[in-house]
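# Reading the structure
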Amino acid sequence: KYLKDAKEYDEDAQKAKDPKKLAKATEKAQKAYQKALKEFSNATAKMPAMYEAWNYVGYTERHLGDYRASLDAYAKALELKPNYPEAIEYRGEAFLGLNALDDAKQAYMSLYRMSRQLSQQLLTAMQSWVDKRKQDAQGVDGATIDAFDGWVKERAAAERQRWRACVEQYRKEQREQPVAAISANSTEEKRIFGYSGLGRVRFTIPQGLIYRPAVPH
């Protein structure tokens, strides 16, 4: 419950244009994350082998800004369940929070091999990191930001190429139109169905650099 509330308050904060409303929503989100962290921590105390709880301990700590503590929790989740893709993606975002770009890249490459959706999710977070650091470097030198930006663009191109290959594979196997537009929103994004080896998967395809999955995180 608290985690759901925190996400809703985060959404309110992102939509808020008035500084007071932004501050209020952010404060509510932080309090909800703190309560959620307490719940998940209690769960790990009672059931130390529950890797999902460890993963959400890391998730809540990351959203509270304690990136190093979140990495410890993700490490525990991955110790209990190696190659747990959700923990790898969340950990990748924690690495971004610490400007540990090589570690974030490694997380992405692991996801690229095992989870199309989560690799795209992390790539979107990487693009967001680049956009934010270009406005506020937070101690990261410009050359590092530019180099990472170039790497993200290369990976986005690879994602597009892989997506096209899936479309062609779908066309070959199904012998029908591989892609059907469903809707377009105000940001000119289109939700379409792309084909993966495991079946049809819904994606959000922006008119920009990143292809990101149409699921919240």
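Model, not experiment: these values are computed from the prediction.

Further remarks concern the overall build of the protein. The number of helices and strands found in the protein is eight helices and four strands. Written out in order from the N terminus, the α and β elements of the protein read α-α-α-α-α-α-α-α-β-β-β-β. Considering only intrachain contacts with a sequence separation of at least 6, the fraction spanning at least 24 residues in the protein is 51%.

Residues Leu96, Leu122, Met126, Trp129 and Phe148 are the most contacted members of the largest nonpolar core, which totals 40 residues. Only helix H1 (2–15), helix H2 (19–46), helix H3 (51–63), helix H4 (67–80), helix H5 (85–97), helix H6 (101–114), helix H7 (116–135) and helix H8 (142–174) provide two or more residues apiece to this core. In terms of residue count, the dominant contributor to this core is H7 (seven residues). Those residues in contact with Trp129 that sit more than four places away from it in its chain are Leu96, Asn99, Leu101, Val140, Ile145 and Phe148.

Right, let's talk about the packing of aromatic side chains for a bit. Here the structure, examined in full by the defined rule, presents ten aromatic pairs. Aromatic side chains Phe40 and Tyr56 sit 5.2 Å apart centroid to centroid with 20° between the ring planes, which places their arrangement in the stacked category. With Phe40 in helix H2 and Tyr56 in helix H3, the pair connects residues that are 16 residues apart, well separated along the chain. Judged by its relative accessible area of 25%, Tyr56 falls in the partly exposed class. For the ring pair Tyr56 and Tyr59, a centre distance of 5.8 Å and an interplane angle of 65° mean the geometry is edge-to-face. Residue Tyr56 and its partner Tyr59 are both found in helix H3; the two are separated by three residues, about one turn of the helix. Linked through ring pairs, Phe40, Tyr56, Tyr59, Tyr74 and Tyr90 together constitute an aromatic cluster.

As a further point, take the side chain of Thr60. Inspection of the secondary structure puts Thr60 in helix H3. Reaching out from Thr60, the side chain makes a polar contact with the backbone oxygen of Val57 at a distance of 3.0 Å. Not counting chain neighbours up to four residues away, the residues in contact with Thr60 comprise Leu3, Tyr33, Ala36, Leu37 and Phe40.

Okay, the environment of Glu61 next. Note that Glu61 resides in helix H3. Assessed through its relative accessible area of 15%, Glu61 is described here as buried. Along the backbone, Glu61 and Gln34 are 27 residues apart, and their C-alpha atoms lie at a distance of 8.2 Å. Residue contacts for Glu61: discarding those within four places in its chain leaves Leu37, Asp66, Ala69, Ser70 and Ala73.

Before going further, it helps to spend a moment on the packing of H5 against H6. Packing of H5 against H6 leaves a shortest axis separation of 8 Å and a crossing angle of 155°. Considered as vectors, H5 and H6 are oriented roughly antiparallel to each other. H6 is crossed by H5, and the crossing has left-handed handedness. Note on element contacts: H6 touches H5 through Leu101, Asp103, Ala104, Ala107, Ser110, Leu111 and Met114, opposite Pro85, Ile88, Glu89, Gly92, Phe95 and Leu96.

Mean pLDDT for the protein: 82, with 80% of residues reaching 70 or above. In the model, residues 177–217 has pLDDT below 50 throughout and makes 98 contacts with residues more than four positions away in sequence or in other chains.

Moving on, we get to the pattern of salt bridges. Per the counting criterion, the structure on display carries six salt bridges. The salt bridge partner of Glu8 is Lys4, with a shortest N-O separation of 3.5 Å. Of this pair, Glu8 and Lys4 both sit in helix H1, four residues apart, which is roughly one turn of the helix. With a relative accessible area of 37%, Glu8 lands in the partly exposed category. Here Glu79 ties to Lys76 by a salt bridge, and the two come within 3.6 Å at their closest N and O atoms. Separated by three residues within a single helix, Glu79 and Lys76 lie in helix H4, roughly one turn from each other. Ionic contacts of the salt-bridge type, sharing partners, join the residues Lys134, Asp149 and Lys153 into one network.

Conventions adopted
- Residues numbered from 1 in each chain as written.
- Predicted model: local features only at pLDDT ≥ 70, side-chain atom pairs only at ≥ 80, totals over all residues.
- Heavy atoms only, no water.
- Helix = DSSP H or I, 4+ residues; strand = E, 2+ residues; numbered from the N terminus.
- Contact = heavy atoms within 4.5 Å.
- Core = buried A, V, L, I, M, F, W, Y, C linked by side-chain atoms within 4.5 Å.
- Buried < 20%, exposed > 50% of the residue type's maximum accessible area, 1.4 Å probe, protein only.
- Phe/Tyr/Trp six-rings, centres within 6.5 Å; stacked < 30°, edge-to-face > 60°.
- Polar contact = N/O pair within 3.5 Å; in protein donor to acceptor, adjacent residues only side chain to side chain.
- Axes fitted to C-alpha atoms, helices over the stretch in contact; angles between N-to-C directions.
- Parallel < 35°, antiparallel > 145°, perpendicular 65-115°, else oblique.
- Left-handed = near helix turned anticlockwise from the far one by under 90°.
- pLDDT = per-residue confidence, 0-100.
- Salt bridge = Lys/Arg side-chain N within 4 Å of Asp/Glu carboxyl O.

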